[in-house]
Amino acid sequence: INLGKMKLYYFPMKGRVEMLKLLLKEAKAEYEFVPKGGEEWQAFKKSGKLDFEQMPALEDNGKFYVQSNAILYYLGGKYGFAPESAEDRYLNEWWIGGFGDLVGKLIPIMYGNLSEEEKKTKTEEFFKNTVPFFLGVFEKKLAAKENKDFLASDKYQCCDFSCVGLFAGMLESPLAQAWKDILPKYPSMNAYIEKHMKHFYQINNLFLFA
Amino acid sequence: EKMKLYYLPLKGRAEPMRLLLKDAKVDYEYVVLSGEEWKQFKTNGKLDFAQLPALEVNGEMMVQSQGIMNYLGATYGYIPATPEDYYDAAWYQASCQDLFKKVADVVFSPAERVVAGVKDFINNTLPLYYGNFEKKFAAKAQKDFLVGGRYSIADFIAVGTLACAYEHPQLGKAIRDEAGKYPNFSKYMEQQLKHFYQTIWLAFHLNPYKKKK
């Protein structure tokens, strides 16, 4: 039985859902995005449908899928974007893990109930130390690749959606300018992001992405 | 050329890959690093991120335990075949990544904080994770393996992550006291601990990974 279109649930923002939307867009798959905020989210949380009471969640044929990376791989498997070789699987996890660690350092700053002063200081530290470290490692990895249009293979795989989804969110956040200032120092990563921002959002130049 | 696994003398983040390599009967070299050796290893320029465990394969140094697990899983045939089964494996992988941090918090806490840590784990962490594991597992007809009816990365990750909880005297006992609430998953864990460690009760103080003098 077909229980209707796939449904993707998340807060009304890019965050952890954007990478899933990009995959579905590339797959030309039909789905419905159901934003849940405020009271609707509280009700959904307590409905018992979500394993860890977290979003994003995917509803496919009556079943609920949670954990953003698990959903990413599930959809990747369904639509042909999952890595297959041992080397590709390692690379996909390497990139996805790297982005996760990077975001993991930013989240306590953005959402950790810091004073405005502390938040400003920690954000500056983040862009002075953390970001150059991670972008440096990413740049080294990508620059060593023959085909720099994709992070792991020579076509879209899960890690590409993870990367573009992450930076799309960053580039429309209050930190956008800080990212725009630093990315050009890492030419392979910068070119990669520009290429895919153009592909998914029809943006020609990162600096014009407002 | 044999693979080399670099880590500290404990189960930690390397245990899942050790269990996989044990089941696959792979001959590899486990290089135990002391605190001082790890400091030097960090700066040798071979590691992308200054992290352990690291796996050296044919001259390439791999890091990030999730990446290594998936690499070894694909190499030795432990990746589930269907998108549904693969989702379940990825679900266990993601859940255990979070769970490991909570286990490590308790297992590596100083003596004076252990009692409170164990209590917090039993009241807050265990119900959330074991509740979900039990729910997912109870629905399966065949309960010897987590996914797909045979060993997969999900099993090594779950057992490897939880082994250090079960081997901790206070935390292990506290988890086992709750077994009645999560009968299927608890039974699975005891089966797997027996299979991999040949004992019902793991001896915390008999660390098999300590360097021999």
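Only a predicted model underlies this, so the values are computations on that prediction, with no experimental measurement involved.

1. Focus: empty space enclosed by the protein
Residue and element names in this part refer to chain B.
Phase 1: All told, the structure shown has 1 cavity of 30 Å³ or more when counted by the stated rule.
Phase 2: The space that makes up the largest cavity amounts to roughly 150 Å³.
Phase 3: Among the elements that line the lining of the largest cavity, the one with the most residues is helix α4 (residues 83–107), at 4 residues.
Phase 4: Of the residues contributing to the lining of the largest cavity, the split by class is 5 nonpolar, 6 polar and 1 charged.

2. Some remarks on helix α7 (residues 169–177) of chain B
Phase 1: Among the residues of α7(B), those classed as buried are B:L171, B:G172, B:A174, B:I175 and B:R176.
Phase 2: In this structure, the buried side of α7(B) is in contact with α4, α5 (111–138), α6 (153–166) and α8 (183–197) of chain B.

3. So, the sheet that holds strand β2 (residues 31–35) of chain A
Two orientations exist for strands paired in a sheet by backbone hydrogen bonds: parallel and antiparallel.
All names here are of chain A.
Phase 1: What the 4 strands build is an open sheet, ordered β2-β1-β3-β4; its pairing is mixed. In the strand order of this sheet, the two ends are held by β2 and β4 (63–66), each with one partner. This sheet shows a mean twist of 20° between the axes of neighbouring strands, independent of strand direction.
Phase 2: Its contacts with the sheet place helix α3 (residues 68–79) against β1 (6–10), β3 (57–60) and β4, and it is angled at close to 35° to β3.

4. Points about the sheet that holds strand β3 (residues 54–57) of chain B
Residue and element names in this part refer to chain B.
Phase 1: Spatially, 4 strands are ordered β2-β1-β3-β4 in an open sheet, and the strand pairing comes out mixed. Edge positions in the open sheet fall to β2 (28–32) and β4 (60–63), since each of these has one partner strand only. Strand-to-strand twist in this sheet, taken as the mean axis angle between neighbours without regard to direction, amounts to 20°.
Phase 2: Two strands pair when backbone bridges link them, and β3 and β4 are joined in this way by 4 bridges, in the antiparallel orientation.

5. Topic: the confidence of the model for chain B
All names here are of chain B.
Phase 1: Scored by pLDDT, chain B comes out at a mean of 92, with 93% of its residues at no less than 70.
Phase 2: Mean pLDDT values for the elements of chain B range from 91 in helix α2 (residues 35–42) up to 97 in helix α3 (residues 65–76).
Phase 3: The ipTM value of the predicted complex is 0.90, and its pTM value is 0.92.

6. Some words on the pairing of β3(B)
Residue and element names in this part refer to chain B.
Phase 1: A two-sided burial pattern is seen for β3, the buried positions comprising A54 and E56 on one face and L55 and V57 on the other.
Phase 2: One ladder, built from 3 bridges, connects strand β1 (residues 3–7) with β3; its direction is antiparallel. Within β3, the position partnered with K4 by the bridge is E56.
Phase 3: If you look at the hairpin formed by β3 and β4, you'll find 2 residues sitting between the two strands, and N58 has a positive phi there, around 45°.

7. Digging into the interface of chain A and chain B
Phase 1: With 31 residues of chain A at the contact, the number on the chain B side is 32 residues.
Phase 2: Across the interface of chain A and chain B, roughly 2500 Å² is buried in total on both sides, 57% from carbon and sulfur atoms.
Phase 3: Inspection of the region where chain A meets chain B yields 2 salt bridges.
Phase 4: For the salt bridge of B:E84 with A:K63, the shortest nitrogen-to-oxygen distance reads 2.8 Å.
Phase 5: Taken together, the connections running from chain A to chain B amount to 11 residue pairs in polar contact (both at pLDDT 80 or more).
Phase 6: Put simply, the parts of the chain that give the side of chain A that touches chain B at least two residues each are β4, α3, α4 (86–111) and α5 (116–143) of chain A.
Phase 7: By residue number, the principal contributor to the side of chain A that touches chain B is α4(A), which donates 9 residues.

8. Let's talk about the environment of B:Q64
Phase 1: Positionally, B:Q64 belongs in the loop between β4 and α3.
Phase 2: Residues B:Q64 and B:A54, 10 residues apart in the sequence, show an inter-C-alpha distance of 7.3 Å.
Phase 3: Those residues in contact with B:Q64, other than ones at most four positions away along the chain, are A:W94, A:G97, A:G98, A:D101, B:F49, B:Q51 and B:P53.

9. Some words on the packing of aromatic side chains
Phase 1: Tallied over the full model, the rule gives 48 aromatic pairs over all chains.
Phase 2: Taking the centre distance of 6.5 Å and the plane angle of 90° together, the rings of A:F99 and A:F167 count as edge-to-face. A residue pair is termed long-range when its members are at least 10 positions apart, and A:F99 in helix α4 and A:F167 in helix α6 (residues 158–170) qualify at 68 residues.
Phase 3: Residue A:F167 is classed as buried on the basis of its relative accessible area of 1%.
Phase 4: Each member of the aromatic cluster is reached from another via a ring pair, and the members are A:W94, A:W95, A:F99, A:F126, A:F127, A:F133, A:F134, A:F138, A:F167, A:W179 and B:F49.
Phase 5: Above the plane of the ring of A:F33 lies A:K21, whose end atom (NZ or CZ) is 3.5 Å from the centre.

10. A closer look at the pattern of salt bridges
Phase 1: According to the stated counting rule, one finds 16 salt bridges over all chains in the structure shown.
Phase 2: The salt bridge involving A:E30 is made with A:K5; its shortest N-O contact spans 3.9 Å. A residue pair is termed long-range when its members are at least 10 positions apart, and A:E30 in the loop between α1 (18–26) and β2 and A:K5 in the segment before β1 qualify at 25 residues.
Phase 3: Look at A:K5 and you get partly exposed, because its relative accessible area is 45%.
Phase 4: For B:K140, the salt bridge identified is with B:D88, shortest N-O distance 3.9 Å. Of this pair, B:K140 sits in the loop between α5 and α6 while B:D88 sits in helix α4; the two residues are 52 residues apart in sequence, bridging distant segments of the chain.
Phase 5: According to the relative accessible area criterion, B:K140 is partly exposed, its value standing at 22%.
Phase 6: Among the charged side chains, a network of salt bridges with common partners joins B:D88, B:K136 and B:K140.

Definitions and limits used
- Residues numbered from 1 in each chain as written.
- Chains lettered and ligands numbered in written order.
- Predicted model: local features only at pLDDT ≥ 70, side-chain atom pairs only at ≥ 80, totals over all residues.
- Heavy atoms only, no water.
- 1 Å grid on protein atoms, 1.4 Å probe; cavity = no way out; pocket = protein on both sides within 12 Å on 5 of 7 lines; lining within 4 Å.
- Points joined across faces, edges and corners; volume = space filled by probe spheres on them.
- Helix = DSSP H or I, 4+ residues; strand = E, 2+ residues; numbered from the N terminus.
- Nonpolar A, V, L, I, M, F, W, Y, C, P; charged D, E, K, R; others polar.
- Buried < 20%, exposed > 50% of the residue type's maximum accessible area, 1.4 Å probe, protein only.
- Contact = heavy atoms within 4.5 Å.
- Pairing = 2+ DSSP bridges.
- Axes fitted to C-alpha atoms, helices over the stretch in contact; angles between N-to-C directions.
- pLDDT = per-residue confidence, 0-100.
- Buried area = accessible area lost by both parts, 1.4 Å probe.
- Salt bridge = Lys/Arg side-chain N within 4 Å of Asp/Glu carboxyl O.
- Polar contact = N/O pair within 3.5 Å; in protein donor to acceptor, adjacent residues only side chain to side chain.
- Phe/Tyr/Trp six-rings, centres within 6.5 Å; stacked < 30°, edge-to-face > 60°.
- Lys NZ or Arg CZ within 6 Å of the ring centre and 35° of its normal.

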